[in-house]
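What follows is each chain in one-letter form.
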Amino acid sequence: MNNENEISYFKGGLALGMGVGLVSGMASAFWLQRKKNLRADDVLQIVKDEFLKEGPIEGSWINFEKQPLRKFAVHSEGYEGGITRLEDDQLVTYEFLADAKTGTVLDIKRIKIN
């Protein structure tokens, strides 16, 4: 009877340990995913895919160094880049600033090239 009691405690402890390990592992994975930044290539691909929906592009570039961003009280990091395309037989460059965590374009400027 004493042996059955010990086995019962072992099973309960094992289940508790596995449960705690599973929950802490999931919490760590979510925390790491939230803190993770996208690579510059991934951000450029996101922006290029959006531009390609409206037509072909001639070229693209991105600065691989993240730069600090501040919009009012919000602090973040982002990448600078650009897309060049032909519009009405003229080259037009779009310079953008994209968030490093989400790839969302935060600012974009259209510049005509003569």
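Residues numbered from 1 in each chain as written. Predicted model: local features only at pLDDT ≥ 70, side-chain atom pairs only at ≥ 80, totals over all residues. Heavy atoms only, no water.

Caption draft 1: Seen up close, the pattern of salt bridges. All chains considered together, the criterion is met by four salt bridges. Between Asp42 and Arg39 there is a salt bridge whose closest N-O contact spans 3.6 Å. A relative accessible area of 53% means that Arg39 is categorised as exposed. Lys53 serves as the salt-bridge partner of Glu50, at 3.1 Å between the closest nitrogen and oxygen. A relative accessible area of 45% means that Glu50 is categorised as partly exposed. Classification of Lys53 by relative accessible area gives exposed; the value is 64%. (Salt bridge = Lys/Arg side-chain N within 4 Å of Asp/Glu carboxyl O. Buried < 20%, exposed > 50% of the residue type's maximum accessible area, 1.4 Å probe, protein only.)

Caption draft 2: Expanded view of the pairing of strand 3 (residues 74–87). Where strand 1 (residues 59–62) meets strand 3, four bridges bridge the pair, whose relative direction is antiparallel. By the bridge assignment, Ile62 is partnered in strand 3 with Gly81. Two elements, strand 2 (residues 67–71) and strand 3, share five bridges in a ladder whose sense is antiparallel. Counterpart to Pro68 in the pairing with strand 3 is Glu77. With antiparallel pairing between neighbouring strands as the criterion, strand 2 and strand 3 make up a hairpin whose turn holds two residues, including Phe72 at a positive phi of roughly 60 degrees. Judged from the ten bridges that link them, strand 3 and strand 4 (residues 90–99) form a sheet pairing that is antiparallel. Bridge pairing in strand 4 links Gly78 to Asp99. Linking strand 3 back to strand 4 in an antiparallel pair, the connection comprises two residues, with Asp88 at a positive phi of about 55 degrees. (Pairing = 2+ DSSP bridges. Helix = DSSP H or I, 4+ residues; strand = E, 2+ residues; numbered from the N terminus.)

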